[in-house]
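Here is what each chain is made of, one letter per residue.
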Amino acid sequence: MRLDPKDRKFLTDWKEKREAKFQFILGVTLQVILGALTYKLVITYFMGGIFDTTDFILFGIIGLVLGVVVGFLKYRKNEKRYARLKS
C-alpha cells in the first residue's frame, strides 16, 4: 500500500512512542491537568473572584481523571491507526 508523507511520518513517530505507553498517557494527563488549572486561574482572575484552594484542588482532580481517560483513548486510537496502516 502506498502511504502519503503524513502517514509515513506517523508510522515512524508512533513506532517509538508506542513502546512507552505509561509515559505517553502520563504526558497527556499532565497536559490536561495544566490546562484545567490554568483555565481555573484565568477564570478566577478575570471574574474578580477570590482564589480558593479547594476549587484549585478540585480542578486538579478533575484534570487528573479526565487526563487519564483522554490519554488512554488517544493511545488506543493511535494504536488502531498504526495497525491499519501497517497491514
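Description of the structure in this document.

What counts, and where the lines are drawn
Residues numbered from 1 in each chain as written. Predicted model: local features only at pLDDT ≥ 70, side-chain atom pairs only at ≥ 80, totals over all residues. Heavy atoms only, no water. Helix = DSSP H or I, 4+ residues; strand = E, 2+ residues; numbered from the N terminus. Expected span 1.5 Å × (residues − 1). Buried < 20%, exposed > 50% of the residue type's maximum accessible area, 1.4 Å probe, protein only. Axes fitted to C-alpha atoms, helices over the stretch in contact; angles between N-to-C directions. Left-handed = near helix turned anticlockwise from the far one by under 90°. Nonpolar A, V, L, I, M, F, W, Y, C, P; charged D, E, K, R; others polar. Parallel < 35°, antiparallel > 145°, perpendicular 65-115°, else oblique. Contact = heavy atoms within 4.5 Å. Salt bridge = Lys/Arg side-chain N within 4 Å of Asp/Glu carboxyl O. Phe/Tyr/Trp six-rings, centres within 6.5 Å; stacked < 30°, edge-to-face > 60°.

1. Points about helix H3 (residues 53-86)
If you check H3, its first and last C-alpha atoms are 48 Å apart, about what 34 residues at 1.5 Å a residue would give, namely 50 Å. Residues Gly-60, Gly-63, Gly-67, Gly-71, Tyr-75, Asn-78, Tyr-82 and Leu-85 constitute the buried set of H3.

2. Some thoughts on the packing of helix H2 (residues 21-47) against H3
Here H2 crosses H3 at 145°, and the two axes come no closer than 7 Å. H2 and H3 meet at a crossing whose hand is right-handed. A breakdown of the residues in the contact of H2 with H3 according to their chemical character gives 17 nonpolar, six polar and four charged.

3. Points about the packing of helix H1 (residues 5-17) against H3
Each pair of packed helices can be summarised by the angle the axes make with each other and by the distance between the axes. One way to put it is that H1 packs onto H3 with a least axis distance of 10 Å and a crossing angle of 120°. The angle between the axes of H1 and H3 places the two elements in the oblique class. Viewed along their axes, H1 and H3 form a crossing whose handedness is left-handed. Facing Lys-6, Asp-7, Phe-10, Leu-11, Trp-14 and Lys-15 of H1, the residues of H3 in contact are Tyr-75, Asn-78, Glu-79, Arg-81, Tyr-82, Leu-85 and Lys-86. In the contact of H1 with H3, the residues fall into six nonpolar, one polar and six charged.

4. Some remarks on the pattern of salt bridges
Taken as a whole, this structure holds four salt bridges when the rule is applied. Taking the shortest distance from any N to any O, the salt bridge between Asp-7 and Arg-81 comes out at 2.8 Å. Separated by 74 residues along the polypeptide, Asp-7 in helix H1 and Arg-81 in helix H3 bring together distant segments of the chain. Exposure remark for Asp-7: the relative accessible area of 17% places this residue in the buried category. Two residues, Arg-18 and Glu-79, come together in a salt bridge whose shortest N-O distance is 2.9 Å.

5. Looking at the packing of aromatic side chains
Summed over the entire model, instances satisfying the criterion amount to six aromatic pairs. Geometrically, the ring pair formed by Trp-14 and Tyr-75 is tilted, given 5.2 Å between the ring centres and 55° between the ring planes. A residue pair is termed long-range when its members are at least 10 positions apart, and Trp-14 in helix H1 and Tyr-75 in helix H3 qualify at 61 residues. Each member of the pair, Trp-14 as well as Tyr-75, is classed as buried. Measuring from centroid to centroid gives 5.2 Å for Tyr-45 and Phe-46, while their planes differ by 75°, and the two rings are edge-to-face. Note on accessibility: Tyr-45 and Phe-46 belong to one class, exposed.

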